[in-house]
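Structural overview
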Amino acid sequence: RMIFPALEHTGQVPFDKVFIQGIVRDSLGRKMSKSLGNGIDPLEIIAKYGTDALRFSLVLGISPGNDIRYMPEKLEQASNFANKIWNAAKFIIMNRPSEEEILKFKKENYDKERHIYKEGSLKLSDEWILNKLNKLILEITNNIENYDLGVALDKIYNFMWNEFCDWYIEMAKVRLYGENENKKEKVQVSYVLNEVFTNCLKL
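Bear in mind that the values here come from a model prediction, so they are computed numbers and not experimental data.

Each helix and strand counted, the chain has 8 helices and 4 strands in total. Here the C-alpha radius of gyration of the chain, 22 Å, is well above what a compact globule of 203 residues would show, namely 17 Å. Projected onto its principal axes, the C-alpha coordinates of the chain cover approximately 65 × 45 × 25 Å. Out of the 203 residues belonging to the chain, those deemed buried represent 31%. Within the chain, counting contacts between residues at least 6 apart in sequence, those at least 24 apart form 68% of the total. Counting 29 positive and 29 negative side-chain charges, the chain places the averaged centre of each group 1 Å from the other.

Turning to the packing of helix α7 (residues 149–177) against helix α8 (residues 183–202), a few remarks are in order. Closest axis-to-axis distance for the α7/α8 pair is 11 Å, and the angle between their directions is 170°. By the angle class used here, α7 and α8 are roughly antiparallel. Seen from α7, the contacting residues are I156, F159, M160, F164, Y168, I169, A172, R175 and L176; seen from α8, they are E185, K186, Q188, V189, S190, V192, L193, V196, F197 and C200.

Let's shift gears to the packing of helix α6 (residues 124–145) against α8. Contact geometry for α6 and α8: axes closest at 11 Å, N-to-C directions at 15°. Relative to α8, α6 is oriented roughly parallel. Once α6 is placed against α8, the crossing between them reads as left-handed. Judged by residue contacts, D126, I129, L130, L133 and I137 of α6 engage Q188, V189, V192, E195, V196, N199 and C200 from α8. Here the contact of α6 with α8 is composed, by residue class, of 8 nonpolar, 2 polar and 2 charged.

Attention now moves to the confidence of the model for the chain. Averaged over the chain, the pLDDT score is 91; the fraction of residues at 70 or greater is 98%. Per-element confidence in the chain ranges from a low mean pLDDT of 87 for strand β2 (residues 68–69) to a high of 96 for α6.

All told, the structure shown has 11 aromatic pairs when counted by the stated rule. Chaining the aromatic ring pairs together yields one cluster made of F56, F81, Y157 and W161. Just above the ring of W161 sits the side chain of K84; from NZ or CZ to the centre is 4.7 Å. K173 extends its terminal NZ or CZ atom over the ring of F91, reaching a point 5.7 Å from the ring centre.

What follows covers the environment of V187. Secondary-structure assignment places V187 in helix α8. Overall, V187 belongs to the buried group, its relative accessible area being 9%. Taking the C-alpha atoms as reference, V187 lies 16 Å from T198; in sequence the two are 11 residues apart. Contact partners of V187, with chain neighbours within four places excluded, come to P97, E101, I102 and F105.

Rules behind the numbers
Residues numbered from 1 in each chain as written. Predicted model: local features only at pLDDT ≥ 70, side-chain atom pairs only at ≥ 80, totals over all residues. Heavy atoms only, no water. Helix = DSSP H or I, 4+ residues; strand = E, 2+ residues; numbered from the N terminus. Rg over C-alpha atoms; globule rule 2.2 N^0.38 Å. Buried < 20%, exposed > 50% of the residue type's maximum accessible area, 1.4 Å probe, protein only. Contact = heavy atoms within 4.5 Å. Lys, Arg positive; Asp, Glu negative; His and termini not counted. Charge placed at Lys NZ, Arg CZ, Asp CG, Glu CD. Axes fitted to C-alpha atoms, helices over the stretch in contact; angles between N-to-C directions. Parallel < 35°, antiparallel > 145°, perpendicular 65-115°, else oblique. Left-handed = near helix turned anticlockwise from the far one by under 90°. Nonpolar A, V, L, I, M, F, W, Y, C, P; charged D, E, K, R; others polar. pLDDT = per-residue confidence, 0-100. Phe/Tyr/Trp six-rings, centres within 6.5 Å; stacked < 30°, edge-to-face > 60°. Lys NZ or Arg CZ within 6 Å of the ring centre and 35° of its normal.

Quick look at the structure:
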């Protein structure tokens, strides 16, 4: 129906790919209906958990063509994840040096043409998390291009929660709050925190 009027009025096909997803079922796998009384009001869910949490819970674990089970525990998981992201953002912003210092560090240490950092400009932990991020970007790009949205979301969830928040941020705290506080190291680690977090949000 959408293609016919587009051809009639514009002479062009409006799209060449169609993503077919299953229906949303209840946690027992039954189709939602008034007679069963197992339907949900999305506005009530959004008021309690937020729009992003609802979207997350419906996309996580899906595969093309299969039905989606509405699971309340997934909403809790999604809400906790949103809270984790919020706390990470607050930590990065509170400990961030000036924008000028961040940009100066990048200009002096990152080769745009070769996409590499100057030798010695990063610590081993910085190189580790940036390598993990680069690998993640390639994998998720491939997942999205193949419409494996559930797989892509699971990967970004695990990376942000485990590698970034539970490992890298904890390692960064030593450099940010250490007794021998080094201004250069603070700028260095703040740059990496910002770079990784910004790309995670884009993903």
